[in-house]
Amino acid sequence: MIIAVDGPAASGKGTIARALALHYALPHLDTGLLYRAVAITVLRADGDPADPADALAACAFDDLLLGDPELRSEKAGAAASVVSAHPAVRAALVDRQRRFAGQPSGAILDGRDIGTVIAPEAAAKLFVTADPQVRATRRHAELAGRGASPGLDAVLADIRARDERDSARAAAPLRMADDAVLIDTTDLNVAEAVAAAIAAVEAKRG
Ligand SMILES: Nc1ncnc2c1ncn2[C@@H]1O[C@H](COP(=O)(O)OP(=O)(O)OP(=O)(O)O)[C@@H](O)[C@H]1O
Ligand SMILES: Nc1ccn([C@@H]2O[C@H](COP(=O)(O)O)[C@@H](O)[C@H]2O)c(=O)n1
């Protein structure tokens, strides 16, 4: 079984995808990490994330980078949202994601275009969202817990800018697949959101 989990920044899709991976004993890929790795590789080479050639060259990143905590920074997220708009970057990362999705065991992938582009054949598709202010408050608390302290306003501005870039780009924009189930986590705690996700997957499995 392939489960696709898409949604905007800090909506809780990763939290849900990890919980589903445990529940169904399926491997999980956080596809945002791939774009974050490209972004950090560009920045460390003093390149420009908006330059398609710089971004494409960075797609040959070392897999060890995927464990680097700097990938979780807001700087990496913002630059990832710039490099991910280049069609050549998206094309360079497609095969890797499709191979992961195609494992005999099945898989769970979370991102922006899993249900629409990477695995349109997924048995269950979830689109996780939440009010931007709520997303910013949660991300702000998460960053503070890690010792980073951007102001709440800055976190909200970053989330809004990323939402806009990810939805407006021509290549694989963020959008809900026609056959996805919407999960709005604004008024749900983590346990409630995970329960809603499991119920949605069970309903799709029939
Ligand atoms: N339902 C919820 N209630 C409260 N906090 C939540 C809920 N879901 C997720 N969180 C918290 O919100 C933050 C963002 O969640 P998460 O990382 O899962 O979002 P995401 O959509 O995967 O983000 P990204 O766009 O960075 O990939 C985390 O700190 C997480 O613990
Ligand atoms: N399937 C995906 C996943 C991510 N992106 C881009 O990467 C940025 C960072 O992703 P996070 O999930 O880690 O926040 C995101 O803002 C997108 O621009 C993507 O395009 N497609």
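An unreviewed UniProt entry annotates the chain as Cytidylate kinase originating from Sphingomonas jatrophae. According to the UniProt record, the Sequence similarities (unreviewed entry) comment for the chain reads "Belongs to the cytidylate kinase family. Type 1 subfamily." Within the UniProt record for the chain, the comment given under Subcellular location (unreviewed entry) is "Cytoplasm".

(A) View of the overall build of the chain. Of the regular secondary structure elements, the chain holds nine helices and five strands. Relative to the compact-globule value of 17 Å for 206 residues, the chain shows a C-alpha radius of gyration of 16 Å, a close match. Residues classed as buried in the chain amount to 42% of the 206 residues present. Taking contacts inside the chain between residues at least 6 apart in sequence as the whole, the part at least 24 apart equals 75%.

(B) Representation of the site of ligand 2 in the model. If you check the shell around ligand 2, you find 14 residues, and the closest are G32, Y35, S81, S84 and G111. Listed by contribution, the elements that provide at least two residues to the shell around ligand 2 are helix 2 (32–44), helix 4 (74–83) and helix 8 (152–168). Class assignment of the residues belonging to the shell around ligand 2 gives a composition of three nonpolar, six polar and five charged.

(C) Highlighting the UniProt feature "binding site: ATP" (unreviewed entry) in the chain. If you check UniProt for "binding site: ATP" (unreviewed entry), the listed places come out as G7, P8, A9, A10, S11, G12, K13, G14 and T15 in our numbering. A tally of 21 C-beta atoms within 10 Å means that P8 is categorised as buried. The residues contacting P8, other than those within four sequence positions of it, are T129, D163, D166 and L174.

(D) Quick look at the site of ligand 1. Within the structure, ligand 1 sits among 18 residues, and G12, G14, T15, R138 and E142 are positioned closest to it. Taken together, the residues that form the shell around ligand 1 break down as five nonpolar, nine polar and four charged.

(E) Quick peek at the nonpolar core. Among the nonpolar cores identified, the biggest contains 28 residues, and I3, V5, I16, L109, L126 and A197 are the most heavily contacted of them. Listing elements by their share of this core, those giving two or more residues are strand 1 (2–6), helix 1 (13–24), strand 3 (107–111), helix 6 (114–118), strand 4 (124–129) and helix 9 (190–205). With five residues, helix 9 is the largest single contributor of residues to this core. Excluding anything up to four places from it in sequence, V5 contacts K13, I16, A17, I108, D110, I114, L126 and V128. One finds V38, A76, A79 and V83 within the second-largest nonpolar core, a separate group that totals 19 residues.

(F) Representation of helix 4. Burial within helix 4 is extensive, with seven of its 10 residues counted as buried. Looking at the packing, one finds that the buried side of helix 4 touches helix 2, helix 3 (52–57), helix 5 (87–101) and helix 8.

Conventions adopted
Residues numbered from 1 in each chain as written. Chains lettered and ligands numbered in written order. Predicted model: local features only at pLDDT ≥ 70, side-chain atom pairs only at ≥ 80, totals over all residues. UniProt positions renumbered as here; feature names shortened; annotations may be inferred. Helix = DSSP H or I, 4+ residues; strand = E, 2+ residues; numbered from the N terminus. Rg over C-alpha atoms; globule rule 2.2 N^0.38 Å. Buried ≥ 20, exposed ≤ 12 C-beta atoms within 10 Å, placed from the backbone. Contact = placed C-beta atoms within 7 Å. Near = placed C-beta within 6 Å. Nonpolar A, V, L, I, M, F, W, Y, C, P; charged D, E, K, R; others polar. Core = buried A, V, L, I, M, F, W, Y, C linked by C-beta atoms within 7 Å.

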